[in-house]
Amino acid sequence: MTATLVVDEIRTTFPSDGGRIPVVDHVSFEVGKGEVVALVGESGCGKSMTALSIMRLVPRPGHVDAGRVLLDGREILSLTVPEMRRVRGHGISMIFQEPMTSLNPVVTCGKQVVEAIRLHETVAKHEARARTIELFTQVGIPDPTDRFDAYPHQLSGGLKQRVMIAMALSTRPKLLIADEPTTALDVTIQAQILQLMRGLRKDFGTSVLLITHDLGVVNELADRVAVMYAGKIIEVGTREEILSNPSHPYTQGLLAAMPSRAQHGQRLHEIPGVVPQPSEWPKGCRFCTRCPKKFEPCEDTVPGRTELSETHAAYCHYVHQEVSG
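Quick caveat, the model's predicted, so the values are computed rather than measured. (Residues numbered from 1 in each chain as written. Predicted model: local features only at pLDDT ≥ 70, side-chain atom pairs only at ≥ 80, totals over all residues. Heavy atoms only, no water.)

Engineer: Tell me about the nonpolar core, residues and numbers included.
Structural biologist: By size, the foremost hydrophobic cluster in this structure holds 63 residues, and its most contacted members are V163, I165, L210, L215 and Y250. Sorting elements by how many residues they give to this core places helix 7 (residues 157-169) first, with eight residues. With residues up to four places along the chain from it excluded, the contact list for V163 reads L103, C109, V113, F136, I141 and L155. Counting residues in each nonpolar core, the second largest holds 35 residues, with L79, M84, I92 and V236 among its members. (Core = buried A, V, L, I, M, F, W, Y, C linked by side-chain atoms within 4.5 Å. Buried < 20%, exposed > 50% of the residue type's maximum accessible area, 1.4 Å probe, protein only. Helix = DSSP H or I, 4+ residues; strand = E, 2+ residues; numbered from the N terminus. Contact = heavy atoms within 4.5 Å.)

Engineer: Tell me about the sheet that holds strand 3 (residues 36-40), residues and numbers included.
Structural biologist: Spatial ordering of the open sheet is given by 6-7-8-3-9-10-12-11, a layout of eight strands whose pairing is mixed. Two strands in the sheet have a free side with no partner beyond their single neighbour: strand 6 (92-95) and strand 11 (305-307). Across this sheet, the average inter-strand angle for adjacent strands is 20°, counted without regard to direction. Sheet topology places strand 11 next to strand 12 (residues 313-315); three bridges connect them, and they run antiparallel. Its bridge partner lying in strand 12, R305 is registered against Y315. Running over the sheet, helix 7 touches strand 6 and strand 7 (175-179) and is turned about 175° from strand 6. Packed on one face of the sheet, helix 11 (residues 249-256) meets strand 3, strand 9 (224-229) and strand 10 (232-238) and runs near 105° to strand 9. (Pairing = 2+ DSSP bridges. Axes fitted to C-alpha atoms, helices over the stretch in contact; angles between N-to-C directions.)

Engineer: Can you break down the side chain of T171 residue by residue, with the values?
Structural biologist: Along the chain, the position of T171 falls in the loop between helix 7 and strand 7. Note on T171: relative accessible area 3%, which makes it buried. Separated by 2.3 Å, the side chain of T171 and the backbone oxygen of G89 make a polar contact. For T171, the residues in contact, after removing those within four places along its chain, are G89, H90, S93, A116, I117, H120 and E121. (Polar contact = N/O pair within 3.5 Å; in protein donor to acceptor, adjacent residues only side chain to side chain.)

Engineer: Can you break down helix 1 (residues 47-55) residue by residue, with the values?
Structural biologist: In terms of residue burial, helix 1 counts as a mostly covered element, since seven of its nine residues are buried. Those residues of helix 1 lying buried are K47, T50, A51, L52, S53, I54 and M55. R56 lies just past helix 1 and shows a positive phi near 55°.

Bear in mind that shape data such as this cannot, by itself, settle questions of function.
Here it is in structure tokens:
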């Protein structure tokens, strides 16, 4: 499969009293053409910062100081600021986590999409307006002509999210990054948004990097999954491999914590503790302070990659010991 996006060993750091601390630590993965790859993990594990690193939108004083990001084979971390502005929107678009704060409250929804189109293409206002109304129709916004002139506060959360998706698609990007696209939406609207995103891949061939902590959403949309913990990828595989045969103790814990896995009246499983702050990451395996299977090498030695199949791998000393016998 041809890779639309290649993320190769990127490292994003922020300054601290002891120097610069990585929050994304040598992360690598690929998204194929027309593929949906889910980046999964708890809040605070570095998922959104990985997306911002790809987009070169890391807030200062953060900085991507190592690695490569290739979009259709073109390295984009080394582009000039004007060149990167052209890539954003036209090459990569992003649906941010919170539509309530991502839209400008004093500009109509339609005008915001028109501005996005005209920023990247030389088109007349009436043509951009017609395309926006068409996009509103495609993403399932009712009465699209009327909604064109609506302000964000006049729309529900689900409709605002659809406006954000229409804006993201307005320049026909090669890659769509969706950061928790169904967060804060009710169950009915979540289902509609997921159905919409399935259609995007089918109708436009759009590649999608889906950032989520919701494994139900992963099951609905993803082709492949990368599990992230404390700034590192700790397991990768197809959706079936990760959801049906998780190998890393952290992935197993995430799946065990799903409400659907609990028996009626049974207490939900929980992973003890919380994701440590970057300044408190263990020297060896990042998960060792919470892992029920840790043993001697875990605290001091960073685990290497253990291949479980052509598509499935984990970074775990316990898994390596089990596989190697």
